[in-house]
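Here is what each chain is made of, one letter per residue.
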Amino acid sequence: MTLRLAIPNKGRLSDDSVALLRRAGIRLSGSTERRLQARALGGRLQVLFLRAADIPAFIADGTVDAGITGLDVAKEAGVDVTSHVDLGFGDCRLVVAVPNDHGARQASDLGDGTRIATSFPALTRAYFDGLGTKVRIHEVSGACEITPALGVADAITDLTSSGSTLIQNHLRELDTILESTCHLFARPDLDGDAALELERLVFALESVVHARGKRYLLADVPRDALEAIREFLPGLGGPTVVDIAGRPDWAAIQVVIDESDVYDAVHRLKDLGGQGILIVPIDRLVP
Ligand code: AMP
């Protein structure tokens, strides 16, 4: 086995990690259903499904060579791992929150002795040390947002994504401690074949990240419209223009386009006489 890669074993992060690998051309075989272990790339890659929060320590102690997990848990673990790619999914924020009827407007309004429930004691401690506030940290492994209602905490620090869990629990955000996404992390001292395989994995995952939000547009257009088209379809280096056999006054264009520009671009192409317009998804993009 050349490279041992850990990915989360549960929830959205697990599903998104498997989908990302698949898009990069890495098909897992083995006990993927039970989310224990799998192999890929003809045995060059071993994938281990582990708890997201444990992955940074497993990378640092050499149990695995690399792993996909959140920046939040890597920072909390405080271990020596190197981020190679920001994968862009699993975005969330670690925030300080208080009950709606609390008088504080910002985290610095919380005084010495404030009881804070959190699953992120190290980041929370460092944050309040930075503010010069001596808080009392009450570590919990989940369901942090109910602790103020239970009377065991005055405030919490917790991950939030849409914010709806905080709202449901009558909590209000004060400040953000950390913004997080999932990254590909690896041991800093990786060498030999494992380092080479990691380099290939980084290249593959970066190409998936580059393709996100992009589409490939193909169309047949009158040649005399090409100049106008170049102005609103710049692509990666201008659209590729291809001759169409038997139609000298026409050309086929191919161009990478932002998903958000597709709607207007199709209408403008149509107005300029475009035909056979196709929009197709892109799995990977190597600029
Ligand atoms: P929200 O979308 O803010 O209601 O968050 C829903 C729940 O998911 C909260 O309890 C968060 O702690 C948790 N959560 C949100 N994003 C992440 C993430 N990227 N990683 C782990 N937990 C998360």
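Position numbers for residues count from 1 along each chain, tracking the sequence in the order it is written. With the structure being a predicted model, the display of local features is reserved for residues of pLDDT at least 70 and the display and counting of side-chain atom pairs for 80 or more, all residues being used for whole-chain, interface and lining totals. In computing side-chain values, all of the structure's heavy atoms are included and hydrogens and water are not.

Caption draft 1: Quick peek at the site of the ligand. Here a residue is near a molecule or strand as soon as one of its heavy atoms is found within 4 Å of it. Gly-90, Cys-92, Asp-158, Leu-159, Thr-160, Ser-161, Ser-162, Gly-163, Ser-164 and Thr-165 make up every residue found near the ligand. Identification of polar contacts relies on pairs of N or O atoms within 3.5 Å, with a donor-acceptor requirement for protein atoms, meaning one able to donate a hydrogen and the other able to accept it, and with residues adjacent in sequence counted only if both atoms are side-chain atoms. Within the side chain of Ser-162, a nitrogen or oxygen atom sits 2.7 Å from an oxygen atom of the ligand. Between the ligand and Thr-165, the relevant distance is 2.6 Å, taken from an oxygen atom to a side-chain nitrogen or oxygen of the residue. For the purposes of this entry, the term helix denotes a DSSP run of H or I that reaches at least four residues, the term strand denotes a run of E that reaches at least two, and both are numbered from the N terminus. The set of elements that each furnish at least two residues to the shell around the ligand consists of strand S10 (155-160) and helix H6 (164-168). Broken down by element, the shell around the ligand gets its largest block of residues, three residues, from S10. When residue character is reported, Ala, Val, Leu, Ile, Met, Phe, Trp, Tyr, Cys and Pro are called nonpolar, Asp, Glu, Lys and Arg charged, and the others, Gly included, polar. By residue class, the composition of the shell around the ligand is two nonpolar, seven polar and one charged.

Caption draft 2: View of the environment of Ile-279. Inspection of the secondary structure puts Ile-279 in strand S16 (residues 275-281). Sequence spacing of Ile-279 and Ala-219 is 60 residues, and the spatial spacing of their C-alpha atoms is 8.9 Å. Setting aside anything within four residues of it in sequence, one finds Ile-279 in contact with Arg-215, Tyr-216, Leu-217, Val-262 and Val-266. Contact between two residues is taken to exist if any of their heavy atoms lie within 4.5 Å; hydrogens are not considered.

Caption draft 3: Structural view of helix H1 (residues 11-23). Expected span of a helix: the number of residues minus one, times 1.5 Å. Here H1 spans 19 Å end to end across 13 residues, near enough to the 18 Å set by a 1.5 Å rise per residue. Only protein chains enter the accessibility calculation, which uses a 1.4 Å probe; a residue whose area is less than 20% of its type maximum is buried, one above 50% is exposed, and one in between is partly exposed. Regarding H1, the residues found buried are Ser-14, Ser-17, Val-18, Leu-20 and Leu-21. Each buried residue of H1 lies within a common arc of 160° when the element is viewed along its axis, so the set occupies one face. Contacts made by the buried residues of H1 are with strand S1 (3-8), strand S4 (45-50), strand S5 (66-70) and helix H7 (192-211). The arc in question is the one traced by the directions running from the helix axis out to the C-beta atoms.

Caption draft 4: The arrangement of the nonpolar core in detail. Take the buried Ala, Val, Leu, Ile, Met, Phe, Trp, Tyr and Cys residues and link them wherever side-chain atoms come within 4.5 Å; each set so joined is a nonpolar core. Judged by nonpolar contacts, the single largest core of 30 residues is most densely connected at Leu-5, Leu-28 and Leu-184. Among the secondary structure elements, those contributing two or more residues to this core are S1, H1, strand S3 (37-40), S4, S5, strand S12 (182-186) and H7. A total of seven residues in this core trace back to one element, the largest contributor, which is H7. Discounting chain neighbours no more than four positions away, the residues touching Leu-28 are Val-18, Leu-21, Ala-38, Arg-39, Ala-40, Val-47 and Phe-49.

Fair warning: the whole summary comes from geometry, so function is off the table for now.
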